[in-house]
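What the coordinates show
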Amino acid sequence: MDGAPIENGAVAVSGNRIADVGRFDDVKTRNAAETVDLGEQVLLPGLINAHCHLDYTCLRGKIPSQKSFTDWIRAINREKSELSPNDYLASINNGFEEAKRFGITAIANLTAFPELISQVQSPIRTWWFAELIDIRAPERANELVDSAIESLGRARPPSAPSGLAPHALFTASKDLFRRCEEIAQQKDILLTTHLAESREEMEMFRDASGPLYEFMQSIGRSRDDCGNETPLGLFLNLIGSGGSSNRWIVTHLNEVTESDFDLLKRSNSKFHVVHCPRSHNYFGHSPFAFDRLRSLSFNICLGTDSLASNEGLSLFAEMRTFQKNFTGISPEEIFQMVTVNPARALRYENALGQIRPGFGADFIAVPCSASTDIFEQILAFDGPVSWAMVDGQVYCDW
Ligand SMILES: [Zn+2]
């Protein structure tokens, strides 16, 4: 992802960094060291999953696609009520194993249980985001954030800087969003949230009606913020304009009105956007406005979301689904959405997502032949990866 693919290429790794990149003969001449020959494979930067909830790996196949987003929330709440902390721990660990098998070397993982983080040994680079919901106790927003920050501090290496995830506008209060922003600025950490995911969320905020609105009413959420603005309009008001918007990673953004696009054109806000193709299809959301967001220079990444709305954690499968939904986007550009773009969203654009001297030694190898376009072959890859390295350590070699 730093120039054209190099035929018969080689990479020299020193410690946990890339020391040299080029044609095999040149790299070999410049670096005396043990050589690993991966055969007829393409060496790629490790994939980066920009949005995921490993908490719910155990919910794969448990919730059939629902007609209504609100019904899905009810269904996942029912499933969650049966799970114990040990179930969640097993779920997170299984999720890491699956992500690893599919060549994911870095992950932005939201957890609703930051208190469990200290018990997890992540095998890949993990940005832990504490997912916060204060719908039942908005007066305790500050307390919630402070205790999440404490738990995040106990994450084990190789975890990357952590972040905060006020869950969504309909479950996290204004105070919670503001507190998260305040702490994120103080500690210089990242923020993420789910925004404008469903038609029901749009109806709730813009029109003060619909199933999500009624559900929120039934559980006692204040509806002061309903009936005027779109979700995106509310979010832009919350984060203010300018400077700090690029620490936000916004997931979904499926419901964007013409007036929202006007807002985006006028605003300086340049948050990062994550699209989750297979989860999107599962819910039957409105089409994702990829072209329009891209033409406004938004950095767009791909994520898997959780297995409560997806069948697996393969970013190769996400890329293929994206390609089916958006014909005309080159496979190379799609591949950027799981490498270069998420590295930028995570503020690691100078360390991950490319095979380049000085970058972190995170790679995967995928079989290839000279017969067809290399990026097409990458997108078509459908198996577990046979060789991978994270942070200079080979983590699988089958
Ligand atoms: Zn999500």
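Residues numbered from 1 in each chain as written. Predicted model: local features only at pLDDT ≥ 70, side-chain atom pairs only at ≥ 80, totals over all residues. Heavy atoms only, no water.

1. A short note on the overall build of the protein chain
A tally of regular secondary structure across the protein chain gives 15 helices and 14 strands. The globule rule puts the C-alpha radius of gyration for 398 residues at 21 Å, and the 21 Å found for the protein chain is close to it. Overall, the protein chain is about 70 × 45 × 40 Å in size when its C-alpha atoms are taken along their principal axes. Going through the 398 residues of the protein chain one by one, you find that 57% of them count as buried. Taking the intrachain contacts of the protein chain between residues at least 6 apart in sequence as the baseline, contacts between residues at least 24 apart amount to 73%. Put simply, the protein chain shows about 16,800 Å² of open surface, and 46% of that area lies on carbon and sulfur atoms. Placing the 37 positive and 52 negative side-chain charges of the protein chain at their respective mean positions leaves the two points 2 Å apart. (Helix = DSSP H or I, 4+ residues; strand = E, 2+ residues; numbered from the N terminus. Rg over C-alpha atoms; globule rule 2.2 N^0.38 Å. Buried < 20%, exposed > 50% of the residue type's maximum accessible area, 1.4 Å probe, protein only. Contact = heavy atoms within 4.5 Å. Areas by Shrake-Rupley, 256 points an atom, 1.4 Å probe, with all protein chains shown as cover. Lys, Arg positive; Asp, Glu negative; His and termini not counted. Charge placed at Lys NZ, Arg CZ, Asp CG, Glu CD.)

2. Some thoughts on the coordination of the zinc ion
Distances from the zinc ion to its protein donors, namely His-51 (NE2), His-53 (NE2), His-194 (NE2) and Asp-305 (OD), fall within the range 2.1 to 2.4 Å. Angles of 88 to 168° at the metal separate the 4 donor atoms of the zinc ion, which places the site in the irregular class. Expressed as a motif, the donor residue spacing for the zinc ion is H-x1-H-x140-H-x110-D. In this structure, His-51 and His-53 share a single accessibility class: buried. (Donors = N, O, S within 2.8 Å, 3.2 Å for Na, K, Ca; no water. Tetrahedral: all angles 85-135°; square planar, octahedral: opposite > 155°, others 65-115°.)

3. Considering the packing of aromatic side chains
Taken as a whole, this structure holds 19 aromatic pairs when the rule is applied. Geometrically, the ring pair formed by Trp-127 and Tyr-348 is edge-to-face, given 4.8 Å between the ring centres and 85° between the ring planes. Residue Trp-127 is found in strand 6 (residues 125-132), and its partner Tyr-348 is found in the loop between helix 14 (340-345) and strand 12 (363-367); the two are separated by 221 residues along the sequence. Taking relative accessible area as the criterion, Trp-127 reaches 1% and is therefore assigned buried. Judged by centre distance (5.8 Å) and plane angle (80°), the rings of Phe-235 and Phe-271 are edge-to-face. Of this pair, Phe-235 sits in helix 8 (residues 231-239) while Phe-271 sits in the loop between helix 9 (258-266) and strand 10 (272-275), and the two are 36 residues apart along the sequence. The residues Phe-235 and Phe-271 share a single accessibility class, namely buried. Within the aromatic cluster, the residues linked to one another by ring pairs are Phe-69, Trp-72, Phe-170, Tyr-282 and Phe-283. In this structure, Lys-270 packs its charged tip against the face of Phe-298, placed 4.4 Å from the ring centre. (Phe/Tyr/Trp six-rings, centres within 6.5 Å; stacked < 30°, edge-to-face > 60°. Lys NZ or Arg CZ within 6 Å of the ring centre and 35° of its normal.)

4. What about the sheet that holds strand 5 (residues 104-111)?
The parallel open sheet is built from 8 strands, whose spatial order is 4-5-6-7-8-9-10-11. Each having just a single partner strand, strand 4 (47-52) and strand 11 (299-302) make up the two edges of the open sheet. Taken pair by pair, the neighbouring strands of this sheet meet at an average axis angle of 25°, ignoring direction. Taken together, the 4 bridges between strand 10 and strand 11 define a ladder with parallel strand orientation. Paired with Val-274 across the strands is Cys-301, a residue of strand 11. (Pairing = 2+ DSSP bridges. Axes fitted to C-alpha atoms, helices over the stretch in contact; angles between N-to-C directions.)

5. Here's the deal with unusual backbone geometry
Peptide bonds are trans in most cases, and residues, glycine excluded, mostly fall at negative phi. Backbone geometry at Ala-196 places phi at a positive 50°, although glycine is not the residue there. Counting through the fold element by element, Ala-196 comes out in the loop between strand 8 (190-195) and helix 6 (199-207). Residue Ala-196 is classed as buried on the basis of its relative accessible area, which comes to 0%. The phi dihedral of Asp-391 is positive, around 55°, even though this residue is not glycine. Looking at the element boundaries, Asp-391 is found in the loop between strand 13 (387-390) and strand 14 (393-397). Overall, Asp-391 belongs to the partly exposed group, its relative accessible area being 26%.

6. A closer look at the nonpolar core
Counting residues in hydrophobic clusters, the biggest one holds 104 residues, and the most contacted among them are Trp-72, Leu-164, Phe-170, Leu-253, Leu-264, Phe-271 and Phe-316. The greatest single-element share of this core, amounting to 6 residues, is contributed by helix 8. Excluding residues that lie within four positions of it along the chain, Leu-264 makes contacts with Leu-232, Leu-236, Phe-271, Leu-293, Leu-296 and Phe-298. (Core = buried A, V, L, I, M, F, W, Y, C linked by side-chain atoms within 4.5 Å.)

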